[in-house]
Amino acid sequence: MNKVVVGAQWGDEGKAKITDLLAQNADLIIRYQGGCNAGHTVVAHNKTFKFHLIPSGILYEGKTCFIGAGTVILPEYFEEEIQGLIKEGIDVSGLKINPLASITMPWHTEIDGYSENTAGKGKIGTTKKGIGPTYTDKMARIGLKIEDLYSEEALSEKLDIILPLKNKQLKEVYGLKTYTKEEVTALCRKYAEIFKPYVCFEWQKVLEDAKREGKAVLFEGAQGVMLDVDYGTYPFVTSSNPIGGGACTGSGYGPKMIDEVIGVAKAYVTRVGEGPFVTELKDETGGKIREIGHEYGVTTGRVRRCGWFDAVTMKYAVLVGGLTSVALTKIDVFDTFDEIKLCTAYKDTRNGEIYTNYPTDVFCHKYLEPVYETHKGWGVDVSGIREYNNLPENCKKYLSRLEELLEVPISIISVGPDREQTIFKINIK
Ligand code: IMP
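This is a predicted model, so every value here is computed, not measured.

Enquirer: Please explain the overall build of the protein chain as it appears in this structure.
Expert: Check the secondary structure of the protein chain and you find 11 helices and 19 strands. The C-alpha radius of gyration of the protein chain comes to 22 Å, within 12% of the 22 Å expected for a compact globule of 429 residues. Each of the three principal axes of the protein chain carries a C-alpha extent, and together these read 65 × 50 × 40 Å. Classification of the 429 residues of the protein chain by burial places 58% in the buried group. Pairs at least 24 apart in sequence give 74% of the contacts found in the protein chain among residues at least 6 apart. Accessible area of the protein chain: about 18,200 Å², with a carbon and sulfur share of 50%. Computed over 52 positive and 58 negative side-chain charges, the separation of the two mean positions in the protein chain equals 1 Å.

Enquirer: Looking at this model, I keep getting lost on empty space enclosed by the protein. Mind explaining?
Expert: Space left empty within the atom packing is revealed by a probe, the size of a water molecule, rolled over the atoms. One pass over the full model with this rule turns up 1 cavity of 30 Å³ or more. Roughly 40 Å³ of volume is contained in the largest cavity. As for the largest cavity, its lining consists of Met 1, Lys 3, Leu 22, Asn 25, Ala 26, Ala 216, Val 217 and Leu 218.

Enquirer: Teacher, can you tell me more about the site of the ligand here?
Expert: Around the ligand sit 18 residues in total, of which Asp 12, Asn 37, Thr 127, Thr 238 and Arg 302 are the nearest. Between the ligand and Asn 37 there is a distance of 2.9 Å, counted from an oxygen atom to a side-chain nitrogen or oxygen. Note that an oxygen atom of the ligand is positioned 3.2 Å from one of the backbone N or O atoms of Gly 125. Protein burial of the ligand: of its 470 Å² of free accessible surface, 97% is covered by the chains. In terms of residue class, the shell around the ligand is built from 7 nonpolar, 9 polar and 2 charged.

Enquirer: Looking at this structure, I do not really get the domain arrangement of the protein chain. What am I missing?
Expert: The figure often quoted for interface size is the accessible area lost as the parts come together. Each assigned domain of the protein chain is listed here: domain 1 (3–100 + 198–261), domain 2 (102–195) and domain 3 (265–424). The centre of domain 2, based on its C-alpha atoms, is set 38 Å off from the matching centre of domain 3. With 6 residues of domain 2 at the interface, the matching set in domain 3 holds 5 residues. Interface area for domain 2 against domain 3, summed over the two sides, is near 380 Å², with a carbon-plus-sulfur share of 50%. Along the contact surface separating domain 2 from domain 3 lie 0 salt bridges.

Enquirer: I tried to follow the nonpolar core on my own but got confused; where do I start?
Expert: A general feature of soluble globular proteins is that nonpolar side chains tend to end up buried together. By size, the foremost hydrophobic cluster in this structure holds 74 residues, and its most contacted members are Phe 309, Leu 328, Ile 331, Phe 334, Tyr 398 and Leu 399. In terms of residue count, helix 10 (residues 311–321) provides more of this core than any other element does, 7 residues in total. Of the domains in this structure, domain 1 (3–100 + 198–261) and domain 3 (265–424) are the two that each give at least three residues to this core. Counting 57 residues, the second-largest nonpolar core is a separate cluster that includes Val 5, Leu 22, Leu 53 and Ile 146.

Enquirer: Is there a simple way to explain the packing of helix 3 (residues 106–118) against helix 5 (residues 152–173) in this structure?
Expert: Where helix 3 meets helix 5, the axes come as close as 12 Å, and the angle between the chain directions of the two elements is 25 degrees. For the element pair helix 3 / helix 5, the angle class is roughly parallel. In the packing of helix 3 onto helix 5, the handedness of the crossing is left-handed. Here Trp 107, Ile 111 and Tyr 114 of helix 3 lie close against helix 5, whose contacting residues are Leu 163, Lys 166, Gln 169, Leu 170 and Val 173. Looking at the contact of helix 3 with helix 5, its residues break down into 6 nonpolar, 1 polar and 1 charged.

Enquirer: When you look at the sheet that holds strand 9 (residues 217–220) in this model, what are you seeing that I'm missing?
Expert: Think of a sheet as strands paired side by side through backbone hydrogen bonds, with each pair either parallel or antiparallel. Taking strand neighbours across the sheet as the criterion, the 9 strands line up as 7-5-2-9-1-10-14-18-19 in an open arrangement whose pairing is mixed. With partners counted over all chains shown, the strands left at the sheet margins are strand 7 (95–97) and strand 19 (422–424), one partner each. Adjacent strand axes in the sheet meet at a mean angle of 20 degrees when their direction is disregarded.

Definitions and cut-offs
- Residues numbered from 1 in each chain as written.
- Predicted model: local features only at pLDDT ≥ 70, side-chain atom pairs only at ≥ 80, totals over all residues.
- Heavy atoms only, no water.
- Helix = DSSP H or I, 4+ residues; strand = E, 2+ residues; numbered from the N terminus.
- Rg over C-alpha atoms; globule rule 2.2 N^0.38 Å.
- Buried < 20%, exposed > 50% of the residue type's maximum accessible area, 1.4 Å probe, protein only.
- Contact = heavy atoms within 4.5 Å.
- Areas by Shrake-Rupley, 256 points an atom, 1.4 Å probe, with all protein chains shown as cover.
- Lys, Arg positive; Asp, Glu negative; His and termini not counted.
- Charge placed at Lys NZ, Arg CZ, Asp CG, Glu CD.
- 1 Å grid on protein atoms, 1.4 Å probe; cavity = no way out; pocket = protein on both sides within 12 Å on 5 of 7 lines; lining within 4 Å.
- Points joined across faces, edges and corners; volume = space filled by probe spheres on them.
- Near = heavy atom within 4 Å.
- Polar contact = N/O pair within 3.5 Å; in protein donor to acceptor, adjacent residues only side chain to side chain.
- Nonpolar A, V, L, I, M, F, W, Y, C, P; charged D, E, K, R; others polar.
- Domains from an automatic or database assignment.
- Buried area = accessible area lost by both parts, 1.4 Å probe.
- Salt bridge = Lys/Arg side-chain N within 4 Å of Asp/Glu carboxyl O.
- Core = buried A, V, L, I, M, F, W, Y, C linked by side-chain atoms within 4.5 Å.
- Axes fitted to C-alpha atoms, helices over the stretch in contact; angles between N-to-C directions.
- Parallel < 35°, antiparallel > 145°, perpendicular 65-115°, else oblique.
- Left-handed = near helix turned anticlockwise from the far one by under 90°.
- Pairing = 2+ DSSP bridges.

This is how it looks when you write it as C-alpha cells:
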C-alpha cells in the first residue's frame, strides 16, 4: 500500500516520527516538496537525528530514499546534513536525488533575507533558507536544476540568460552583490561534486521498476496544509504544495499510485512565523503547552506560537489535503491538564456570524474568535500506553469527538517521541 504523509496544520506536527514508523514497511521513500526550511527530529538507535531535506527513511538499511523533483536544494546545507549522517555511521548509499530538483543559489538566500529584513508589516517570518526566491525563479523559468550541473553547455547557456536578469534585479531592486559568470560556474562545479554520489539520472527506471514490482512507496511531505501556497493562509505560507496532491507533482508518480493520505496533526496547534492563528493562546495555558511540548523550532530555534486544536481549519485540511486518516501526535502533552478546549467554529466579532467552514479570506481572521467546547482532562500519564482500549475514558472521548468533527478516522496516536510510544488504532503499517 502506498501512503502519503502530510502535515495537516502549519508544519511541525511530528511528521518525522510518523514517516519514520511507516518507512519500516516501505521500499521507496520520496520527499516531494520544500527544502531545508523543514526540520524533522527522529529519535532512533538511542540518538536524536535532525533532518531537513534527506528523508528520515535513510535510518533504515536497504531503503531507497529519493529527494524528488518538487524539492529545492541548498547545496551547502545538504552537504552538512549528509556529512552529519555519515559521521553517525548511517549508510547513505540508498539516497538518490532527482536531477529535476531545483538548486537554491546564494542569491536566493540573500534575497530571502533582504525581503524579510525590510518587509516591515509584510514580513512572512520565513526560515531565510531561500525557499520563496528559489521557487519564484523556478516558476519564472530562470532557475537552475541539478541536471544543469552536469552539462557545461547547458549551464553556460542558462547562465547567459539568468545572470544578466538576476544581476540587474540584485543591484537595482535589492542593492545586493552581483555575480560574474566565472564565479557562478566555479560554484556550480563545487555543487556538482557535492551531489555527484547521489544524483540519479535513471530515476524513471527506478520509479517504473518500483511500480511494476508493486514496491511500497511512502511519499514524505514537509511543512503542512495550512502553509500550502494555494490553499494555506496566503501570503503567510511556504512556496510549495505540501498537500497530498503535491506528492504527485513532486515525486513523478500519478494520483493512482496513492492509496492512503495520512494527515499528521498535533493534539493542539503550533505555528512559527507570521500569519493568522485563530486559536492562538497568548496566556499561561499557551506557555504551558509550549513548555511541556518543547515547542521550539528545529531549523530556526524560534519559539512556536501555541493554541488549542482547531477543528475548523483541520476539517478544511482533510478536504484540500486529501486526507484519508489522521495521525494525532503529542496527546501526552495534555496529561496534566484539567480541561482541554476544542475549537468547533469561528465567531465573526463584526456581526456575530458563526462559521463552521474555514473562511479562506485570511485578512478577516483578525475579526474571528474561536467557539470552544470544553473536554475534561484525563489526569493520567498516557506515555506508556500502547493499546487504544487502555487509554483513559476521557482521552478516548476527546479522540472520538475529533473523529466525529473531522469525518475521517484517527489511525495513529502518538504518546511520546520514541518509535515505541505509538498506538495504531487502525493497522495501516
Ligand atoms: P519559508 O518556507 O522559509 O519560505 O517560510 C514560509 C513560512 O513557512 C514561514 O511562516 C515559516 O515559518 C513556515 N515554515 C517553513 N518551513 C516550516 C516547517 O518545516 N515547519 C513549520 N513552519 C515552516
